[in-house]
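# Residue-level structural notes
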Amino acid sequence: YPEWLAISSIRDPQGNILMYTAMFRDLSERYRYEQKIKHQALHDPLTGLPNRRFFHEKLSTAIASAQQLANRFALIYLDLDGFKQVNDSLGHEAGDQVLRVTAERLLNCVGDQGACFRMGGDEFAVLLQVADNDVATVAKTIAGLILTDVRNPIGFAAQTAVVGTSIGIAFFPTDGQDAESILVAADRRMYAAKRSGRNRIVCEDD
């Protein structure tokens, strides 16, 4: 267990060391508290997913790693379609349930191939760093799974909520070589998916 330890020497009148004393304090409780605070600062309390702040840290790390290793990675950005209607018709508790279930479905679709984040509201992001050289194929496959899975009905208090999702995908370094450029490209394509009819994937600009 973590501890704070202070060791002192006890000397005789001539200055010779007679013995040592050690005082320690168990820091387990403090350590758990600090870890809890850190987790709360970096995770969304509703869904348990890492939050926007954590996303920006991970994106910066992914860029640095990709530059060093000359690798590619993908950013999948998505926004729920029909979420406002669920909130308006079934209430905010139903909306919260939709967000929680969506987070679970994202984790199931992505598995160990990437990290999922709640960016705020009904927007989510997936950061894919895979060993496969054809990261575009992996990203499109996972985005397709997300598109299908999110549309499945969600039960709430004997009622059913149905939402869809519009997805934009950006790639490093093709679509930018810094965090802002990658995020802007993915966000732009997500809105392009909405404009072109929703419930679809856009991975390149027109």
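Our subject in this report is the structure included herewith. (Residues numbered from 1 in each chain as written. Predicted model: local features only at pLDDT ≥ 70, side-chain atom pairs only at ≥ 80, totals over all residues. Heavy atoms only, no water.)

## Considerations on the overall build of the chain
Note the threshold: A run of H or I in DSSP counts as a helix once it spans at least four residues, and a run of E counts as a strand once it spans at least two, with each numbered from the N terminus. Only C-alpha atoms enter the radius of gyration; for comparison, a globular chain is expected to reach 2.2 Å times N to the power 0.38, where N is the number of residues. Only protein chains enter the accessibility calculation, which uses a 1.4 Å probe; a residue is then buried when its area is under 20% of its type maximum, exposed when over 50%, and partly exposed in between. Should any heavy atoms of two residues lie within 4.5 Å, those residues are counted as being in contact. The protein chains shown are the only cover counted for residues, whose accessible areas, like all others here, come from Shrake-Rupley with a 1.4 Å probe. Two residue types count as positive, namely Lys and Arg, and two as negative, namely Asp and Glu; His and chain ends fall outside the count. Charged groups are reduced to one reference atom each: NZ for lysine, CZ for arginine, CG for aspartic acid, CD for glutamic acid.
Scanning the chain from terminus to terminus reveals six helices and nine strands. The globule rule puts the C-alpha radius of gyration for 206 residues at 17 Å, and the 24 Å found for the chain is more than 25% above it. Counting only C-alpha atoms, the chain reaches 90 × 50 × 25 Å along its principal axes. In the chain, which comprises 206 residues, the proportion classed as buried is 41%. Taking the intrachain contacts of the chain between residues at least 6 apart in sequence as the baseline, contacts between residues at least 24 apart amount to 60%. Only carbon and sulfur atoms are counted for the fraction: they give 51% of the accessible area of the chain, which is about 11900 Å². Taking the average location of the 22 positive side-chain charges in the chain and that of its 26 negative ones, the two points are 2 Å from each other.

## Digging into the pairing of strand 5 (residues 123–128)
Going by this rule: At least two DSSP bridges between two strands are required for those strands to pair.
Burial runs high along strand 5: six of the six residues are buried. Here strand 5 shows two buried faces, one formed by Glu 123, Ala 125 and Leu 127 and the other by Phe 124, Val 126 and Leu 128. Sheet topology places strand 3 (residues 73–81) next to strand 5; six bridges connect them, and they run antiparallel. Bridging across to strand 5, Ile 76 finds its partner in Val 126. Where strand 4 (residues 114–120) and strand 5 come together, six bridges link them in antiparallel fashion. Following the sheet pairing, Ala 115 is matched in strand 5 by Leu 127. Counted between consecutive antiparallel strands, the loop separating strand 4 from strand 5 contains two residues, among which Gly 121 sits at a positive phi close to 60°.

## What to know about the packing of helix 4 (residues 92–110) against helix 5 (residues 135–150)
Two numbers describe a pair of packed helices, the interaxial angle and the distance between the axes. As a reminder of what qualifies: Axis definition: a line fitted to C-alpha atoms, limited for helices to the stretch in contact. Angles are taken between N-to-C directions and run from 0 to 180 degrees. By definition, turning the near helix anticlockwise from the far helix through less than a right angle yields a left-handed crossing, and turning it clockwise yields a right-handed one. All residues other than Ala, Val, Leu, Ile, Met, Phe, Trp, Tyr, Cys, Pro, Asp, Glu, Lys and Arg, Gly among them, are scored as polar; the first ten of these are nonpolar and the last four charged.
Look at helix 4 against helix 5: their axes get within 9 Å of each other, and the N-to-C directions meet at 145°. In the crossing of helix 4 with helix 5, the sense of the turn from one axis to the other is right-handed. Each of Thr 102, Arg 105, Leu 106, Cys 109 and Val 110 in helix 4 lies in contact with helix 5, whose residues at this interface are Ile 142, Leu 145, Ile 146, Asp 149 and Val 150. Grouping the amino acids of the contact of helix 4 with helix 5 by side-chain chemistry returns seven nonpolar, one polar and two charged.

## Focus: the nonpolar core
What counts is decided by this rule: As used here, the term nonpolar core means buried Ala, Val, Leu, Ile, Met, Phe, Trp, Tyr and Cys residues forming a set that is joined through side-chain atoms within 4.5 Å.
Within the largest apolar cluster, 35 residues are counted, with the highest numbers of intra-cluster contacts made by Ile 76, Val 98, Phe 124, Leu 128, Ile 146, Ile 167 and Ile 169. Of all elements in the fold, only strand 3, helix 3 (83–90), helix 4, strand 5, helix 5 and strand 8 (164–172) reach the threshold of two or more residues within this core. Here this core takes nine residues from helix 5, the largest share from any one element. With sequence-adjacent residues up to four places away left out, Ile 76 is seen in contact with Phe 124, Ala 125, Val 126, Leu 128, Ala 139, Ile 142, Ala 143, Ile 167, Gly 168 and Ile 169.

## Concerning a nonpolar patch on the surface
Rules: Two joining distances apply to patches: 9 Å for like charges and 5 Å for nonpolar side chains (Val, Leu, Ile, Met, Phe, Trp, Tyr), and every residue must have over 30% relative accessible area and no salt bridge. Salt bridge, as used here: a side-chain nitrogen of Lys or Arg that lies within 4 Å of a carboxyl oxygen of Asp or Glu.
A surface patch of nonpolar side chains, about 720 Å² in accessible area, is lined by Tyr 1, Leu 5, Ile 7, Ile 17, Tyr 20 and Phe 24. Looking at the nonpolar patch, the elements with two or more residues in it are strand 1 (3–11) and strand 2 (17–26). Take the nonpolar patch: its biggest share by element is three residues, from strand 2. Relative to the assigned elements, Leu 5 resides in strand 1. Look at Leu 5 and you get partly exposed, because its relative accessible area is 43%.

## Some remarks on the packing of aromatic side chains
Quick note on the threshold: Only Phe, Tyr and Trp rings are paired, with Trp represented by its six-membered ring, and only when their centres lie within 6.5 Å; those with planes under 30 degrees apart are stacked, over 60 edge-to-face, the remainder tilted. By the criterion adopted, a ring carries a charge over it if an Arg CZ or a Lys NZ lies within 6 Å of its centre and within 35 degrees of its normal.
On inspection of all chains with the given rule, the structure shows three aromatic pairs. Three or more aromatic residues joined by ring pairs make a cluster, and in this case those are Phe 54, Phe 55 and Phe 117. Above the face of the Trp 4 ring, Arg 25 is positioned so that its terminal group lies 5.9 Å from the ring centre.

## Let's talk about helix 6 (residues 179–195)
Rules: Helix span, as expected, comes to 1.5 Å for every residue beyond the first. In the analysis that follows, any N or O atom pair within 3.5 Å is treated as a polar contact, provided that within protein one partner can donate a hydrogen and the other can accept it, and provided that, for residues neighboring in sequence, both atoms belong to side chains.
Between its first and last C-alpha atoms helix 6 spans 25 Å; for 17 residues at 1.5 Å apiece the expected length is 24 Å, and the two agree. By the burial criterion, the buried members of helix 6 are Ile 182, Leu 183, Ala 185, Ala 186, Arg 189, Met 190, Ala 192, Ala 193 and Lys 194. The inward-facing, buried residues of helix 6 contact helix 2 (52–69), strand 3, strand 5, strand 8 and strand 9 (201–202). Between the side-chain oxygen of the N-cap and the backbone nitrogen of Glu 180 there are 3.2 Å, and the N-cap of helix 6 in question is Asp 178.

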